[in-house]
Amino acid sequence: MVELSVEHPRWVVFLTVLITLGFLTQLPKVRTDTNPKNMLPKTSDVRVWNDEVERDFGLYEDMIAVGVAADQGVLNIETLENIHKLTGEIVKIKGVAARDVSGFSTIDNVTIENGVLKAGPLMPEVPKTDGELAALRKALFKNPMFIGRIISQDEKTAAIYIPLEKGANGKAVADEIKKIVQEQKTGERYYIAGDPVARDTFGSEMFKLMAIFAPIAGLVMFAVRYFMFGDLFLSIALMMDAIIAIIWSMGLLIALGFPIHIMSSMAPVFLMAIATDSIHIFNEFYFRFREKKDKKAAIIETMRALSRPVRYTALATAAAFSVLLFMNIIPVRVFGGLVAFGTMALRILSFSFIPAMFTFVREQNIQRASEGEDIAAGRTSRFLGSLAALGSRKPAIVSLAVLALFVFSAAGMTRITVNNNMVRWFKAGSEVRVADKALNDALGGTSLAYVVAVSQEDDYIKTPNALRFIENLQRHLEKLPVVGKTTSVADYVKRINRVLHNDNPAYDRVPDSQETIGQYLFLFGLSAKPSDLDNVVDYPYRRANIWVQLKTWDAQAMRAVIKALDDYKKTNPSALELKPAGIAYFNLVWNDEVLWDMIYGFIASLIIVFVILAFNFRSVKWAVVGYAPLLFTVLLIYGFIGFAGKDFDMPISVLSCLALGMAVDFAIHFISRFRQYLAQVHGQDRLSPGKEKLIEALLWTAARPGKGILRNALLFVSAFSVMMLAPLTPYITVGAFIVSMMTLSALMTILFLPALVVMLRGWLFEQGGI
């Protein structure tokens, strides 16, 4: 392929451009998907169950909470007028389920009028007198169902809950609400929170970042590459290599009908960074040209020398990404396949497009650029040689230092917690984080879970035993710090009972008769909005739905709720089965899927990468040596994550599988070229070289191929460091992780790998072990 590309470069470039244009035609068809439900297959148990619960109880998939806060309190005529106007405008917004918007103006309040039970809006009109204002305050605070839901205990925050029609965009609705608030120009503070707001805002920001940071990363890498080689044309050629692979990969993804999600939005930057492995070709080409003074001969010899390590680094990276195809999180699968395809595309281009582009460069430019490629005179080569000398001449000290860091990392890893929280994917000062915290502090909570109580017989939910079991369960759950508010059919029955007994607090309890309970629910159903009862009980009265408002989106909060359910069942036997549901439960399930995917994927990556190393080196011993630096690198980073208190979330868990595939490249290049040098220079002595010959070979490897490793690491760091400036924390996490990993991996390869080779030389070279 290389010889064909060198002999017919124009045809190779033409064919590459033609294929690229074909993939480019698919880009206008791009679709996005940030809905967390689609993280798992439609047939997954949690999705099937959640869909059933939403259908049976008339629930909406998405809900937005709008908070209105005022330091002087919200129960004044001016603020109530603003809330009333805002509610009236919100119900007009496209995508809002207007009939079920719940706030002061629309929520049903159970009262009695002329001896008849009545359910109507709490505040049909804004109070105009102090007396009407006092009556509203009394209605609010004498009804426990309102406190913590639509009004805070300190009267300083009110809430409007806005269910969305299926398919509505949470960010679009939130933006419309912001416009209304800005037009009203009121003195209150407004907060807009909820899963659809975080999810759709993230999706919008994600695409902005993809459009901004991928080109910036490319420009930074281009600048660094030009600084390294000083040749504009070759720098552009290597840049084109990455861009072409990105277009091929994204074009294929879109052509196959897949939407873009958080992980695949990062693929362009990943592929741009993976493309830096071609720097080894450039690095060696300049050395070869300096020696041969013939461009075509230098190209052929460069590719002959690097063919094996370049092929196997691509295979290792693609294999590590391909492991993701077997995970349960759908976007992770898509991302794995996408980057694996892009990696293989990059390698095909490395053996075709890049050699073809070399032929177009004028030899005087190559001559000028290659003047700095001298092992003895080059400062970079001398620095790398000194690092390798430290490792090879003082292997025990270096190995002990690495071992101490390993112990430190092991201690840090014990502190790692697995947790996913989409709200935390925004920076602390972002609107999404500020709004979520404000509403969680003042009210019941923005994260919603359900607990479904299931019986096997009709009308069982109407029995006093069933309702008391549910009521006591609510009190049990409300003892948890993460639970802010619960609501159930028992609350409605207790409220009706009290109202029908002249608002006597003694009757704020579940009646003793099933017949009475049935009559109450029948009367309430005649006057209330259908959704009031539909949301908390099914028609045969076999199932009851308890709304549980959580004060955090942390997956661990729902785990605490489930544990509380199990504890309650043990001490309170009942015919009712308790089953969790809702978006908070979904987040917990896919959080655990991420955990197990990470474990399985990491183990699979460990095995696959080791097999590839053993196959490449044709030696298990050398595979072990090559494996050690990258393994220590990953463990060091995870130890730091544990000590830093950073949650082990989806981006990091995915990176755990990728780290091995990307960091192993350095070990493959170093050991392959080291053994190649021993074979070429020392002939038969390579089978059992003396210590000094071994050190000489290690120093040469560090100074020459090691320069390519350093350049590769610098290009990686330059590309991913750009992501650390992003406003979304997953991008910052990915950037920091990769920058740390590549820096440490390069250091471990140049310093620790020579120490291992010298320390284990007796084992490595026994009976021709090379």
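Conventions used here
- Sequence order as written defines residue numbering, which begins from 1 separately in each chain.
- In view of the model being predicted, local features appear only for residues whose pLDDT reaches at least 70, and side-chain atom pairs are presented and counted only at 80 or more, with totals across whole chains, interfaces and linings using the full set of residues.
- With hydrogens and water excluded, all non-hydrogen atoms of the structure serve as input to the side-chain values.
- Strand pairing is assigned whenever DSSP detects at least two bridges linking the two strands.
- The helix and strand labels rest on DSSP assignments: H or I over at least four residues marks a helix, E over at least two residues marks a strand, and numbering proceeds from the N terminus.
- Axis lines are fitted to C-alpha atoms, over the contacting stretch for helices. Their N-to-C directions set the angle, which ranges from 0 to 180 degrees.
- By definition in these notes, contact holds between two residues if any of their heavy atoms fall within 4.5 Å.
- Pairing of aromatic rings covers Phe, Tyr and Trp, the last counted by its six-membered ring, and requires centre-to-centre distances within 6.5 Å; plane angles under 30 degrees mean stacked, over 60 mean edge-to-face, and any other angle means tilted.
- Relative accessibility thresholds used throughout: buried, under 20% of the residue-type maximum; exposed, over 50%; partly exposed, between the two (1.4 Å probe, protein chains only).
- Here a cavity denotes a set of grid points, spaced 1 Å apart and computed over the protein atoms alone, in which a 1.4 Å probe fits but from which it cannot get out, and a pocket denotes an open set meeting protein on both sides within 12 Å along at least five of seven lines; residues with an atom within 4 Å of a point are reported as lining.
- Grid points are joined across faces, edges and corners, and a volume is the space filled by probe spheres set on the points.
- Any residue that is not Ala, Val, Leu, Ile, Met, Phe, Trp, Tyr, Cys, Pro, Asp, Glu, Lys or Arg is counted as polar, Gly included; the first ten are nonpolar and the last four charged.
- To form a nonpolar core, buried Ala, Val, Leu, Ile, Met, Phe, Trp, Tyr and Cys residues must be joined to one another through side-chain atoms within 4.5 Å.
- Roughly parallel means an angle under 35 degrees; roughly antiparallel, over 145; roughly perpendicular, 65 to 115; everything else is oblique.
- Note on convention: the crossing is left-handed when the near helix lies turned anticlockwise from the far helix by less than a right angle, right-handed when the turn is clockwise.
- Each patch is built from residues that are more than 30% exposed by relative accessible area and take part in no salt bridge. Like charges join if they lie within 9 Å; nonpolar side chains (Val, Leu, Ile, Met, Phe, Trp, Tyr) join within 5 Å.
- Using the Shrake-Rupley algorithm and a 1.4 Å probe, accessible areas are obtained, with residue cover drawn only from the displayed protein chains.
- Every case where a carboxyl oxygen of Asp or Glu lies within 4 Å of a side-chain nitrogen of Lys or Arg is listed as a salt bridge.
- Expected helix span is computed as 1.5 Å times (number of residues minus one).
- What the arc covers is the set of directions going from the helix axis to the C-beta atoms.

Caption draft 1: View of the sheet that holds strand E6 (residues 447–454). Reading across the sheet, the four strands line up as E7-E8-E6-E9 and stay open at both edges, with antiparallel pairing between neighbours. The sheet terminates laterally at strand E7 (483–487) and strand E9 (577–581), the two strands that pair on one side only. Between one strand axis and the next, the sheet turns through 25 degrees on average, direction left out of account. Alignment of E6 against E9, held across five bridges, turns out to be antiparallel. Counterpart to Tyr450 in the pairing with E9 is Ala581.

Caption draft 2: Structural context of the environment of Phe258. Tracing the sequence through the fold places Phe258 in the loop between helix H8 (232–255) and helix H9 (262–265). Distance from Phe258 to Val30, taken between C-alpha atoms, is 8.5 Å for residues 228 residues apart in sequence. Among residues more than four places away in sequence, those in contact with Phe258 are Arg31, Leu253 and Val334.

Caption draft 3: Quick peek at the sheet that holds strand E1 (residues 62–69). One open sheet accounts for three strands, arranged E4-E1-E5; its pairing is antiparallel. Single-partner strands in this sheet number two, and they are strand E4 (157–164) and strand E5 (189–193). Averaged over all pairs of adjacent strands, the angle between strand axes in this sheet comes to 20 degrees, irrespective of strand direction. Here helix H4 (residues 77–90) sits on the sheet and contacts E1, E4 and E5; the angle it forms with E4, its principal contact strand, is near 5 degrees. Contacts from helix H18 (residues 431–442) reach E1, E4 and E5 within the one sheet, and its direction differs from that of E5 by about 100 degrees.

Caption draft 4: View of the packing of aromatic side chains. Inspection of the entire model under this criterion finds 17 aromatic pairs. Summarising the aromatic geometry, the rings of Phe406 and Phe632 are spaced 5.5 Å apart at their centres and angled 85 degrees between planes, so their arrangement reads as edge-to-face. Separated by 226 residues along the polypeptide, Phe406 in helix H17 (residues 395–413) and Phe632 in helix H25 (residues 620–644) bring together distant segments of the chain. Residue Phe406 is classed as partly exposed on the basis of its relative accessible area, which comes to 31%. By relative accessible area, Phe632 is classed as buried at 19%. Measuring from centroid to centroid gives 4.5 Å for Tyr677 and Trp700, while their planes differ by 20 degrees, and the two rings are stacked.

Caption draft 5: Seen up close, the layout of surface pockets. One number sums up the size of the largest pocket: a volume of about 650 Å³. Contributing to the lining of the largest pocket are 25 residues, with Asn109, Thr111, Leu122, Ala135 and Ala139 lying nearest its centre. Those elements that place two or more of their residues in the lining of the largest pocket are strand E2 (108–113), strand E3 (116–121), helix H5 (130–141) and helix H20 (489–499). Split into classes, the residues belonging to the lining of the largest pocket amount to twelve nonpolar, four polar and nine charged. The space that makes up the second largest pocket amounts to roughly 530 Å³. Along the walls of the second largest pocket sit 25 residues, with Asn35, Asp62, Gly167, Ala168 and Arg199 positioned nearest its centre. Of all the secondary-structure elements, those providing two or more residues to the lining of the second largest pocket are helix H3 (45–56) and helix H7 (195–229). Residue classes in the lining of the second largest pocket are distributed as five nonpolar, eight polar and twelve charged.

Caption draft 6: Here's a closer look at the nonpolar core. Grouped together as the largest cluster of nonpolar side chains are 214 residues, with contacts concentrated most on Val489, Phe524, Leu550, Phe674, Phe720 and Tyr731. No other element matches helix H29 (residues 729–759), which puts 17 residues into this core. In contact with Tyr731, not counting residues within four places along its chain, are Phe202, Met206, Leu209, Ile262, Ser265, Met266, Met723 and Ala726. With 46 residues, the next largest nonpolar core counts Val66, Ile90, Ile180 and Ala193 among its residues.

Caption draft 7: Quick look at the packing of H17 against H29. Contact geometry for H17 and H29: axes closest at 9 Å, N-to-C directions at 120 degrees. Classified by the angle between their axes, H17 and H29 sit oblique to one another. Classified by chirality, the crossing of H29 by H17 is left-handed. Touching Pro395, Ala396, Val398, Ser399 and Val402 of H17 are Met748, Leu751, Phe752, Ala755, Val758 and Met759, all from H29. Split into classes, the residues belonging to the contact of H17 with H29 amount to ten nonpolar, one polar and no charged.

Caption draft 8: Region of the structure containing the environment of Met250. With respect to the element layout, Met250 can be found in helix H8. Separated by 233 residues in the primary sequence, Met250 and Val483 place their C-alpha atoms 43 Å from one another.

Caption draft 9: Region of the structure containing unusual backbone geometry. For Glu155, which is not glycine, the phi dihedral falls at a positive 70 degrees. Mapping Glu155 onto the fold places it in the loop between H5 and E4. Residue Glu155 is classed as partly exposed on the basis of its relative accessible area of 22%. Phi is positive for Asp503, which is not a glycine, with a value near 60 degrees. Its place among the elements puts Asp503 in the loop between H20 and helix H21 (514–527).

Caption draft 10: Quick look at the packing of helix H16 (residues 379–393) against H29. It is the contact of H16 with H29, at a shortest axis distance of 7 Å, that shows an interaxial angle of 35 degrees. Seen along the crossing, H16 lies across H29 with a hand that is right-handed. Counting all contacts with H16, which are made through Leu384, Leu387, Ala388, Leu390, Gly391 and Ser392, the residues of H29 involved are Leu747, Ile750, Leu751, Pro754, Ala755 and Val758. By residue class, the composition of the contact of H16 with H29 is ten nonpolar, two polar and no charged.

Caption draft 11: Summary view of a nonpolar patch on the surface. Residues Trp11, Phe14, Leu15, Leu18 and Ile19 make up a contiguous nonpolar surface patch of roughly 560 Å² in combined accessible area. Relative to the helices and strands, Trp11 resides in helix H2 (residues 9–24).

Caption draft 12: The environment of Thr129, seen in detail. In this fold, Thr129 is placed in the loop between E3 and H5. Separated by 52 residues in the primary sequence, Thr129 and Ile77 have C-alpha atoms spaced 8.2 Å apart.

Caption draft 13: A look at the pairing of E3. Sheet analysis places E2 next to E3, joined by six bridges and oriented antiparallel. Note on E3: the bridge partner recorded for Asn109 is Gly120.

Caption draft 14: Quick peek at H17. With 19 residues, H17 should reach 27 Å at 1.5 Å per residue; the first-to-last C-alpha distance of 26 Å fits that figure. Among the residues making up H17, those that are buried are Pro395, Val398, Ser399, Val402, Ser409 and Gly412. Taken end-on, H17 shows its buried residues confined to a sector of 130 degrees, consistent with a single buried face. Those residues of H17 that are exposed and aimed more than 90 degrees away from the buried face are Ile397, Leu400 and Val407.

Caption draft 15: Main features of the pairing of strand E8 (residues 543–550). Of all eight residues in E8, eight are buried, a share of seventy percent or more. Taking every second residue as pointing to the same face, both faces of E8 are buried, with Arg543, Asn545, Trp547 and Gln549 on one and Ala544, Ile546, Val548 and Leu550 on the other. In terms of strand pairing, E6 meets E8 through eight bridges, oriented antiparallel. By the bridge assignment for E8, Val451 is matched with Ile546. Bridge count for E7 against E8 is four bridges, and the pairing is antiparallel. Considered in E8, the bridge of Lys485 is made with Gln549.

Distances and angles like these do not, on their own, reveal function.
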